[in-house]
Amino acid sequence: MGYAKNSNRSERRTANRSEWPAWSRRGVLAALGAVPAVGILAGCSGSADASEGTDAKAGAGTKAEVKTPTVTVTPADGTKKAGFTDPVEVTVSNGTLASVEVSGNDGSTLAGSFNDARTKWTSTKNPYSGTKYTVTATPKGAAAQSATFVTERPSHTFVGYFTPEANSTSGVGMPVSINFTEAVKDRASVEKAITVTAEPAVEVVGHWFSDTRLDFRPEEYWAAGTKITLSLRLKDVEGTTGVYGTQSKDVTFHIGRRQISTVDLAKKTMTVERDGSALATYPVSGGDAGHTTWSGIMVISERFKQTRMESSTVGLGDEYDIPDVPHAQRLTTSGTFIHGNYWASASVFGSTNTSHGCVGLHDAKGADDSSVPGYKFYAGSMLGDVVVVKNSGEKTVEASNGLNGWNLSWSDWKAGSAL
């Protein structure tokens, strides 16, 4: 607008030169030099031309940079003694993750999940100890990237020895009993890593008898013909500080026919029932007044065609030492057996309780006479069969004394679970 105003003034003064003021040459040149500057500030085309020139120059010298996705694995690639108590993580920068695979040299794989942005993947479980892992991560639209690491082995470990033996067949009273080689402080973690399932299905619950013993049983005796599966997932479970489990396996057991034998020491008889029907009744002799037999529900946990019995092993000094007791079947850890007896008169059985706490049946020396009660009962029995003792004059056996957890009510049994 300033340029237009100067132009009008000039035209007016041209029309009347007598009105011109006296201009110096320097003043005229200064005025003329100022005109283009006013035009540049006021005009539009000049400003646009300058901007286009600048952008064109910048565009000609700069090319857009494409960044390659970079994958990071934790534990880091090449680690030789990686930890095994944290999950595996895979992250990507400058991109997203299309897929992640983690496989161990033991044949195992680790599943995992992505975050919402698919820039991070985390394994669902921790890696196993003592295992070499290969991680293959593929960013979207880019080539796969790989990393390997090896997890360390724990310096202190524990295992659980289980009863009954794998693939064995037992009686309906057989619990699943696990004895640990190290004391377990974190009972909940260890129990959670062990499951016992049954076919036909029934609720099975664990009960801790001590820091080293965990038993499992249903509310009632197993049904005849039941298939039991024990699943141990103890590998890398920390049972106590710095002590880790090593087992990851499944084992199966089977339950045979149902046999329940009831010993009535008032009558001095034992009645054997199999699958709900009476099979036999045998005369017996139990503990005398000074050595009463435990009462309660007991389960056969060991069987010997012949074995040595020595009184000193059960705290009775030198009262007896019999090298060849026939047909002995253990009922308690403390030393109660149901066994054959050849050294007492046949008239004792069914009439007098004369033993040091065991239940005796008439038998023959050498354990080969199939006509005697001791032989017959042994031949018809198996591990896990139930023997119930009543009217013995003694209190009920402790549930932990042998495989005798059936002496606990279901509510008391469940109270012993850590879960």
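Placed above this text is the structure.
The rules behind each value
- Residues numbered from 1 in each chain as written.
- Predicted model: local features only at pLDDT ≥ 70, side-chain atom pairs only at ≥ 80, totals over all residues.
- Heavy atoms only, no water.
- Core = buried A, V, L, I, M, F, W, Y, C linked by side-chain atoms within 4.5 Å.
- Buried < 20%, exposed > 50% of the residue type's maximum accessible area, 1.4 Å probe, protein only.
- Helix = DSSP H or I, 4+ residues; strand = E, 2+ residues; numbered from the N terminus.
- Contact = heavy atoms within 4.5 Å.
- Pairing = 2+ DSSP bridges.
- Axes fitted to C-alpha atoms, helices over the stretch in contact; angles between N-to-C directions.
- Polar contact = N/O pair within 3.5 Å; in protein donor to acceptor, adjacent residues only side chain to side chain.
- Phe/Tyr/Trp six-rings, centres within 6.5 Å; stacked < 30°, edge-to-face > 60°.

(A) View of the nonpolar core. Counting 33 residues, the largest nonpolar core has Phe 180, Val 190, Ile 194, Val 196, Phe 216, Leu 230 and Leu 234 as the members making the most contacts within it. If you list the elements that add at least two residues to this core, you get β11 (176-180), β12 (194-199), β14 (213-217), β15 (227-233), β18 (248-255), β22 (296-299) and β27 (386-390). When residues no more than four places from it in sequence are discounted, the contact partners of Val 196 are Val 176, Val 204, Phe 216, Trp 222, Ile 228, Thr 229 and Leu 230.

(B) Region of the structure containing the pairing of β14. Burial of β14 is extensive: five of the five residues sit out of reach of the surface. Here β14 shows no split at all, with Arg 213, Asp 215 and Arg 217 on one side and Leu 214 and Phe 216 on the other all buried. With five bridges connecting them, strand β13 (residues 205-210) and β14 associate as antiparallel partners. Bridge pairing in β14 links His 207 to Asp 215. Between the antiparallel neighbours β13 and β14 lie two residues.

(C) Spotlight on the side chain of His 339. Summarising the element assignment, His 339 is placed in strand β25 (residues 337-341). Looking at His 339, the relative accessible area reads 6%, which means it is buried. If we skip the residues at most four places from it in the chain, His 339 touches Met 309, Val 325, Pro 326, His 327, Ala 328, Cys 358, Val 359, Gly 360 and Leu 361.

(D) Highlighting the sheet that holds strand β23 (residues 302-310). Sheet architecture is open: four strands sit in the order β23-β24-β25-β26, paired in mixed fashion. A strand with exactly one partner marks an edge of an open sheet, and here the two such strands are β23 and β26 (359-362). Across the sheet, the axes of successive neighbouring strands diverge by a mean angle of 35°, strand direction being ignored. Note: strand β24 (residues 321-330) against β25, two bridges, orientation antiparallel. From the neighbouring strand, Arg 330 faces β25, where its bridge partner is Phe 337.

(E) Looking closely at unusual backbone geometry. Each neighbour pair has its own omega, and for Thr 74 with Pro 75 the value is 5°, a cis peptide bond. When you line up the elements, Pro 75 lands in the loop between β1 (70-74) and β2 (89-93). Put simply, Glu 199 and Pro 200 share a cis peptide bond, and its omega is 5°. Looking at where Pro 200 falls in the secondary structure, it is placed in the loop between β12 and β13. Of note in this structure, Asn 94 is not a glycine but carries a positive phi near 60°. Of the residues examined, Asn 94 reaches a relative accessible area of 44% and is grouped as partly exposed. If you check the backbone angles, Asn 391 has positive phi at about 55° while not being a glycine. Positionally, Asn 391 belongs in the loop between β27 and α6 (410-415).

(F) Summary view of the sheet that holds strand β7 (residues 145-150). Reading across from one edge, β3-β6-β7 is the order of the three strands in this open sheet, with antiparallel pairing throughout. Edge positions in the open sheet fall to β3 (97-104) and β7, since each of these has one partner strand only. When the angles between neighbouring strand axes are averaged without regard to direction, this sheet yields 15°. Bridge count between β3 and strand β6 (residues 132-139): seven bridges; the pairing is antiparallel.

(G) Quick peek at the environment of Tyr 342. Here Tyr 342 is to be found in the loop between β25 and β26. Since its relative accessible area comes to 23%, Tyr 342 is described here as partly exposed. Along the chain, Tyr 342 and Gly 366 lie 24 residues apart, while their C-alpha atoms are 9.1 Å from each other. Ignoring any residue separated from it by four or fewer positions in sequence, one finds Tyr 342 in contact with Ile 322, Asp 324, Pro 326, Asp 363, Ala 364 and Lys 365. Only 2.6 Å separates the side chain of Tyr 342 from the side chain of Asp 324, close enough to count as a polar contact. At a separation of 3.4 Å, a polar atom in the side chain of Tyr 342 contacts the side chain of Lys 365.

(H) Focus on the packing of aromatic side chains. For the coordinates displayed, the defined rule picks out nine aromatic pairs. Taking the centre distance of 5.8 Å and the plane angle of 75° together, the rings of Phe 209 and Trp 413 count as edge-to-face. Note that Phe 209 is positioned in strand β13 and Trp 413 in helix α6, a separation of 204 residues in sequence. Summarising the aromatic geometry, the rings of Tyr 282 and Phe 377 are spaced 6.4 Å apart at their centres and angled 75° between planes, so their arrangement reads as edge-to-face. Of this pair, Tyr 282 sits in strand β21 (residues 277-283) while Phe 377 sits in helix α5 (residues 373-379), and the two are 95 residues apart along the sequence. The burial state of Tyr 282 is the same as that of Phe 377; both residues are buried. Aromatic rings pair up to connect Phe 158, Phe 180 and Trp 208 into one cluster.

(I) Representation of the environment of Trp 413. Of the residues examined, Trp 413 reaches a relative accessible area of 1% and is grouped as buried. Put simply, Trp 413 and Asp 215 are 198 residues apart on the chain and 9.8 Å apart in space, counted from C-alpha to C-alpha. Non-local contacts of Trp 413, meaning those with residues more than four positions away in its chain, are made with Val 205, Gly 206, His 207, Phe 209, Asp 215, Phe 216, Arg 217, Gly 405 and Leu 408. Reaching out from Trp 413, the side chain makes a polar contact with the backbone oxygen of Val 205 at a distance of 2.9 Å.

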